[in-house]
Amino acid sequence: MSKKQEWTATGRRKRSVAQVRMTGGTGSITINGVDVHEYMPYETLVMDLKQPLVATNNENRFDITVTVKGGGFSGQTGAIRLGITRALLKFDENTDQTREDSYRHILKNAGFITRDPRVKERKKYGLKKARRAPQFSKR
């Protein structure tokens, strides 16, 4: 019995961490054991996490299984998108990366390879939030 080829990658965004497993298939995406359309509350989030697949014309080529923890839906979507991007790069690592039709070139120009470093700033003492000061009263 031959082992099915599989590409794995990790994506992070805000407080979310996504483990992505990509295998050859028909294009189904499963998140934490649930279909992507049932897990994500908005269709725009589903479109956002599929962007790397659409950019490389692979919507119906891979089955993707994701385990995601932490954060909210937006952060989880960004983490999954980065994980899918990294898995696609592993799939395409044997091709010439200098060509303009390589996945790395396409995904880099679209801005999907860069991890978004923005996270919530910690609350400081004496303030209500990270930067919001208590209301000042002159009298």
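The sections below set out a description of the structure shown in this document.

Criteria and cut-off values
- Residues numbered from 1 in each chain as written.
- Predicted model: local features only at pLDDT ≥ 70, side-chain atom pairs only at ≥ 80, totals over all residues.
- Heavy atoms only, no water.
- Helix = DSSP H or I, 4+ residues; strand = E, 2+ residues; numbered from the N terminus.
- Phe/Tyr/Trp six-rings, centres within 6.5 Å; stacked < 30°, edge-to-face > 60°.
- Buried < 20%, exposed > 50% of the residue type's maximum accessible area, 1.4 Å probe, protein only.
- Lys, Arg positive; Asp, Glu negative; His and termini not counted.
- Salt bridge = Lys/Arg side-chain N within 4 Å of Asp/Glu carboxyl O.
- Polar contact = N/O pair within 3.5 Å; in protein donor to acceptor, adjacent residues only side chain to side chain.
- Contact = heavy atoms within 4.5 Å.
- Core = buried A, V, L, I, M, F, W, Y, C linked by side-chain atoms within 4.5 Å.
- Patch = residues over 30% accessible without salt bridge, like charges linked within 9 Å, V, L, I, M, F, W, Y side chains within 5 Å.
- Areas by Shrake-Rupley, 256 points an atom, 1.4 Å probe, with all protein chains shown as cover.
- Charge placed at Lys NZ, Arg CZ, Asp CG, Glu CD.
- 1 Å grid on protein atoms, 1.4 Å probe; cavity = no way out; pocket = protein on both sides within 12 Å on 5 of 7 lines; lining within 4 Å.
- Points joined across faces, edges and corners; volume = space filled by probe spheres on them.
- Nonpolar A, V, L, I, M, F, W, Y, C, P; charged D, E, K, R; others polar.

**Structural notes on unusual backbone geometry**
Here comes step 1: Unusually for a residue other than glycine, Asn-32 sits at a positive phi of about 50°.
Here comes step 2: By secondary structure assignment, the location of Asn-32 is in the loop between β3 (29–31) and β4 (34–35).

**Quick word on the packing of aromatic side chains**
Here comes step 1: Tallying each qualifying case throughout the model produces five aromatic pairs.
Here comes step 2: Seen from their ring centres, Tyr-39 and Phe-73 are 6.0 Å apart, and the 80° between their planes marks the pair as edge-to-face. A residue pair is termed long-range when its members are at least 10 positions apart, and Tyr-39 in helix α1 (residues 36–39) and Phe-73 in helix α4 (residues 73–91) qualify at 34 residues.
Here comes step 3: Measuring from ring centre to ring centre gives 6.1 Å for Phe-91 and Tyr-103, while their planes differ by 25°; the resulting arrangement is stacked. Residue Phe-91 is found in helix α4, and its partner Tyr-103 is found in helix α5 (residues 103–110); the two are separated by 12 residues along the sequence.
Here comes step 4: Connected via pairs of aromatic rings, a cluster forms that spans Trp-7, Phe-62, Phe-91 and Tyr-103.

**Structural notes on the side chain of Asp-92**
Here comes step 1: For Asp-92, the location among the structural elements is in the loop between α4 and α5.
Here comes step 2: Despite being buried, Asp-92 has no salt bridge partner; Arg-61 is the closest side chain of opposite charge, sitting 7.4 Å away.
Here comes step 3: Side-chain polar atoms of Asp-92 contact the backbone nitrogen of Tyr-103, separated by 3.0 Å.
Here comes step 4: Each residue touching Asp-92, except ones within four places of it in the same chain, is listed here: Gln-97, Ser-102, Tyr-103 and Arg-104.

**A few points about the nonpolar core**
Here comes step 1: Core analysis: the biggest nonpolar cluster contains 28 residues, and Ile-31, Met-40 and Ile-64 have the highest contact counts within it.
Here comes step 2: Beyond its immediate stretch of four places on either side in the chain, Met-40 contacts Ile-31, Leu-45, Val-46, Leu-49, Phe-73, Thr-77 and Ile-80.

**Considerations on a positive patch on the surface**
Here comes step 1: Among the surface-exposed residues, Lys-120, Lys-128, Lys-129 and Arg-132 lie close enough to one another that they form a single positively charged patch.
Here comes step 2: On the basis of relative accessible area, Lys-129 is assigned to the exposed category, the value being 57%.

**So, the layout of surface pockets**
Here comes step 1: The space that makes up the largest pocket amounts to roughly 160 Å³.
Here comes step 2: Taken together, Arg-12, Arg-13, Asp-48, Ser-74, Gly-78, Arg-81, Leu-82, Gly-111, Phe-112, Thr-114, Arg-115 and Asp-116 make up the full set of residues lining the largest pocket.
Here comes step 3: Residue assignment for the lining of the largest pocket shows that the elements contributing at least two residues are β1 (6–13) and α4.
Here comes step 4: Across the lining of the largest pocket, the residue classes break down as two nonpolar, four polar and six charged.

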